Amino acid sequence: MLNEIAKKQKIKAITYMMICMMCVLYCFISVEAVNASGNLEYRVEGNIAVITGYTDYDGNSKVLKIPEKIDGYTVGKISSFAFMDCTSFTEVIIPKSVTSIDEYAFYDCVLLEKITISSGVKQIGAGIFMGCSSLKKVTIPDSVTYLGKQAFWACSSLTDVVISKNINKIHERTFQDCVLLKKVTIPENVTYIGDSAFEDCSSLTEIKMSEKVTYIGDSAFCGCENLKKVAIPKNTTQIGEQAFSDCKALTEIKIPDSVTHIGEFCFYNCISLKKVIIPNKVTYIGDYAFYGCQNIKIYCPKDSKAHIYAQNNRIPYILDSVIMIFGDIHEDWYTNYVQYVYDNKLMTGIKGTNRFEPNSNITKAQVAQVLYNMENQPKVGDRKVFAELKDVYQAEW
């Protein structure tokens, strides 16, 4: 496996180089007339003003409130790199008139602590707040339908984020290196979580993913070393390479029936991982997917891909366990007993659910059902005897 630290540093260096090149290129191609109003620079596109720059980079103004109008023009857009590297303001207020914020507009504004994005904004470009290391909280309004890649990469003070319910993708590196971010709820319309989307979010303890997520990208949660619990959505089909590698607090994973592909190094070095449930529909498990998981036990169907993988890699496994079948059965004193009654068709759980309810009280009717099953469900005689019992009907039991 590649040295991960060197690899990440290389990626960051390349990214920063590309941003610098883009910035230089942007300066050359931006030939439109630039106007000034106060500390803001802008150009005119049609009937709207586009904010292109800021002249008070080292000033004393701590709050930047972008106006809705400049010189009679409605402010409708913030251009790429408009406030890059600005160190004067700690707060920015974006008005309802703005519908689009272009890529890297606030890149590396290291003193920016608070941002108010009004409900007029629909598009937020790549790297919009990348490197804003003082930014603490962000609410992305529901008007936003697109949030670009790297949007909050290296926002190392970010603790709370609310994501618009109308975006359908979390792009690559969106929250990478947000080391203080503890909890994230993925909106219900999201179907795609990109590569390294939450990589090295080392304080992240909880992630709630939309059930519509079909793809979890490479290194999506790599290095989230305090992540204790993850529910893989029931519509996910592919989990990428290193998706959960180095998630050292993760204790169990249940792979849903929809998943067919588990990538290389997927759960690499998850040293606390004890239980993994892998269904029959998984057809590919990459090399070293569970390497370094010293306490792991795989629960899987007999002759499945997971069964063969466990055998080939000398990983302990249990076949056709009730732990796979019932969501409320775990390793406990009663597990073997539940396995016995299920295998022998004496008790089959709560009808219409995936629950066994091992700690619930048993009714007389259920005792009768178990005894009846023990006798291989013999033919029952005349049911008129139940006429004496007011709470038992002919069609029941």
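Summarised in this report is the structure supplied together with it. (Residues numbered from 1 in each chain as written. Predicted model: local features only at pLDDT ≥ 70, side-chain atom pairs only at ≥ 80, totals over all residues. Heavy atoms only, no water.)

### What about the nonpolar core?
Ranked by internal contacts, the top residues of the largest apolar core, which has 90 residues, are F83, F106, F152, F267 and F290. Contributions of two or more residues to this core are made by β2 (40–45), β3 (48–54), β6 (73–78), β7 (91–94), β9 (114–117), β25 (297–300) and α2 (305–312). When residues no more than four places from it in sequence are discounted, the contact partners of F290 are F267, L273, V276, I278, I285, I296, I298, Y309 and I315. Core analysis: the next-biggest nonpolar cluster, separate from the first, contains 13 residues, I277, Y299, V322 and L346 among them. (Core = buried A, V, L, I, M, F, W, Y, C linked by side-chain atoms within 4.5 Å. Buried < 20%, exposed > 50% of the residue type's maximum accessible area, 1.4 Å probe, protein only. Helix = DSSP H or I, 4+ residues; strand = E, 2+ residues; numbered from the N terminus. Contact = heavy atoms within 4.5 Å.)

### Here's the deal with the sheet that holds strand β20 (residues 238–239)
With respect to topology, six strands assemble into an open sheet ordered β14-β16-β18-β20-β22-β24, the strand pairing being parallel. With partners counted over all chains shown, the strands left at the sheet margins are β14 (169–170) and β24 (284–285), one partner each. Pairing analysis gives two bridges linking strand β22 (residues 261–262) to β24, with the strands arranged parallel. Residue pairing for β24: H261 is matched across the bridge by Y284. (Pairing = 2+ DSSP bridges.)

### Considerations on the layout of surface pockets
As a volume, the largest pocket reaches approximately 560 Å³. Forming the walls of the largest pocket are 19 residues, and the residues nearest its centre are M347, T348, G349, I350 and Q366. A breakdown of the residues in the lining of the largest pocket according to their chemical character gives eight nonpolar, eight polar and three charged. (1 Å grid on protein atoms, 1.4 Å probe; cavity = no way out; pocket = protein on both sides within 12 Å on 5 of 7 lines; lining within 4 Å. Points joined across faces, edges and corners; volume = space filled by probe spheres on them. Nonpolar A, V, L, I, M, F, W, Y, C, P; charged D, E, K, R; others polar.)

### A word on the pattern of salt bridges
In total, this model carries nine salt bridges according to the counting rule given. Close ionic contact of D102 with K77 constitutes a salt bridge, the shortest N to O distance being 3.5 Å. Of the two residues, D102 sits in the loop between β8 (100–101) and β9 while K77 sits in strand β6, which places them 25 residues apart along the sequence. We note a salt bridge from E113 to K136, for which the minimum N-O separation is 4.0 Å. Note that E113 is positioned in the loop between β8 and β9 and K136 in the loop between β10 (123–124) and β11 (137–139), a separation of 23 residues in sequence. Relative accessible area serves as the criterion here: at 41%, K136 is assigned to the partly exposed category. (Salt bridge = Lys/Arg side-chain N within 4 Å of Asp/Glu carboxyl O.)

### Looking at the environment of T74
Among the structural elements, T74 can be located in strand β6. Owing to a relative accessible area of 28%, T74 belongs among the partly exposed residues under this scheme. Residues T74 and A49 lie 25 residues apart in sequence; the distance between their C-alpha atoms is 5.8 Å.

### A few points about unusual backbone geometry
Of note, the phi angle at D246 is positive, near 60°, even though the residue is not glycine. Relative to the assigned elements, D246 resides in the loop between β20 and β21 (252–254). On the basis of relative accessible area, D246 is assigned to the buried category, the value being 19%. Positive phi values are uncommon outside glycine, yet Y288 reaches one of about 60°. Tracing the backbone shows Y288 in the loop between β24 and β25. Its relative accessible area of 46% is what places Y288 among the partly exposed residues.

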